[in-house]
Amino acid sequence: MTNTLQLPTVGVTPIDNKKLTCGAILLASFLITLLFSMETIAGSGGAAFTSIWTEVSGWADGVPGKIITLLAFFAALFNVLKQNFYMAIGAFLGGMLLSQSVTIINVFLTGTV
């Protein structure tokens, strides 16, 4: 008596025409919508967010931002003592980014083409 092992056969399944037709209709409708879409114009206002931006930039430049930056600097020093230099560099860079966040965001918002 011999033991035989038969490998399963993989059958080729035919392409389902319904799925292909639905995909083609969806793609065609997307392209037609894209072709006939109207031009959009970005708003030039933004006065509604001025008070919020003033508050957030005041926090970043003021006492709360300085406290967070100081805590990040001390966390970096603590991580150096634990010989974890990656976390020390991350905490130091996070503090530096926070201290310069208002300047960085203003550069992005006032970019011209």
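Enquirer: Explain the overall build of the protein chain to me, using residue names and the numbers behind them.
Expert: Within the protein chain, the regular secondary structure consists of five helices and zero strands. Each helix and strand of the protein chain, ordered N terminal to C terminal, gives the series α-α-α-α-α. A total accessible area of about 10,400 Å² is found for the protein chain, and carbon and sulfur atoms account for 73% of it.

Enquirer: How would you summarise the packing of aromatic side chains if you had to cite specific residues and measurements?
Expert: For the structure shown, the criterion picks out one aromatic pair. Centre to centre, the rings of phenylalanine 73 and phenylalanine 74 are 6.2 Å apart; their planes meet at 55°, and the pair counts as tilted. Residue classification places phenylalanine 73 among the partly exposed positions, given a relative accessible area of 37%.

Enquirer: So what's going on with a nonpolar patch on the surface? Which residues, and what values?
Expert: Together, Leu70, Phe73, Phe74, Leu77, Val80, Phe85, Ile89, Phe92, Leu93 and Met96 line one region of the surface with nonpolar side chains, adding up to about 910 Å² of accessible area. Contributing elements (two or more residues each) for the nonpolar patch: helix 3 (63-81) and helix 4 (85-99). Inspection of the secondary structure assignment puts valine 80 in helix 3. Residue classification places valine 80 among the partly exposed residues on the basis of a relative accessible area of 35%.

Enquirer: Describe the packing of helix 3 against helix 4, listing the residues and the values that go with them.
Expert: The packing of two helices is summarised by the inter-axis angle and the distance between the axes. Relative orientation of the contacting elements helix 3 and helix 4 amounts to 165°, with a least axis distance of 8 Å. In terms of orientation, helix 3 and helix 4 fall into the roughly antiparallel class. Seen along the crossing, helix 3 lies across helix 4 with a hand that is left-handed. The segment helix 3 lies against helix 4, with Gly65, Ile68, Thr69, Ala72, Phe73, Ala75, Ala76, Asn79 and Val80 engaging Phe85, Met87, Ala88, Ala91, Phe92, Gly95, Leu98 and Ser99. Tallied by class, the residues present in the contact of helix 3 with helix 4 amount to twelve nonpolar, five polar and no charged.

Enquirer: So, the packing of helix 2 (residues 50-61) against helix 5 (residues 101-109): which residues are in play, and what are the values?
Expert: Contact pair helix 2 / helix 5: the axes reach a minimum separation of 9 Å and the direction vectors enclose 140°. In terms of their interaxial angle, helix 2 and helix 5 are classed as oblique. Along the contact surface, helix 2 presents Trp53, Ser57, Ala60 and Asp61, while helix 5 presents Ser101, Val102, Ile105 and Asn106. The residue inventory of the contact of helix 2 with helix 5, partitioned by class, reads four nonpolar, three polar and one charged.

Parameters and conventions
Residues numbered from 1 in each chain as written. Predicted model: local features only at pLDDT ≥ 70, side-chain atom pairs only at ≥ 80, totals over all residues. Heavy atoms only, no water. Helix = DSSP H or I, 4+ residues; strand = E, 2+ residues; numbered from the N terminus. Areas by Shrake-Rupley, 256 points an atom, 1.4 Å probe, with all protein chains shown as cover. Phe/Tyr/Trp six-rings, centres within 6.5 Å; stacked < 30°, edge-to-face > 60°. Buried < 20%, exposed > 50% of the residue type's maximum accessible area, 1.4 Å probe, protein only. Patch = residues over 30% accessible without salt bridge, like charges linked within 9 Å, V, L, I, M, F, W, Y side chains within 5 Å. Salt bridge = Lys/Arg side-chain N within 4 Å of Asp/Glu carboxyl O. Axes fitted to C-alpha atoms, helices over the stretch in contact; angles between N-to-C directions. Parallel < 35°, antiparallel > 145°, perpendicular 65-115°, else oblique. Left-handed = near helix turned anticlockwise from the far one by under 90°. Contact = heavy atoms within 4.5 Å. Nonpolar A, V, L, I, M, F, W, Y, C, P; charged D, E, K, R; others polar.

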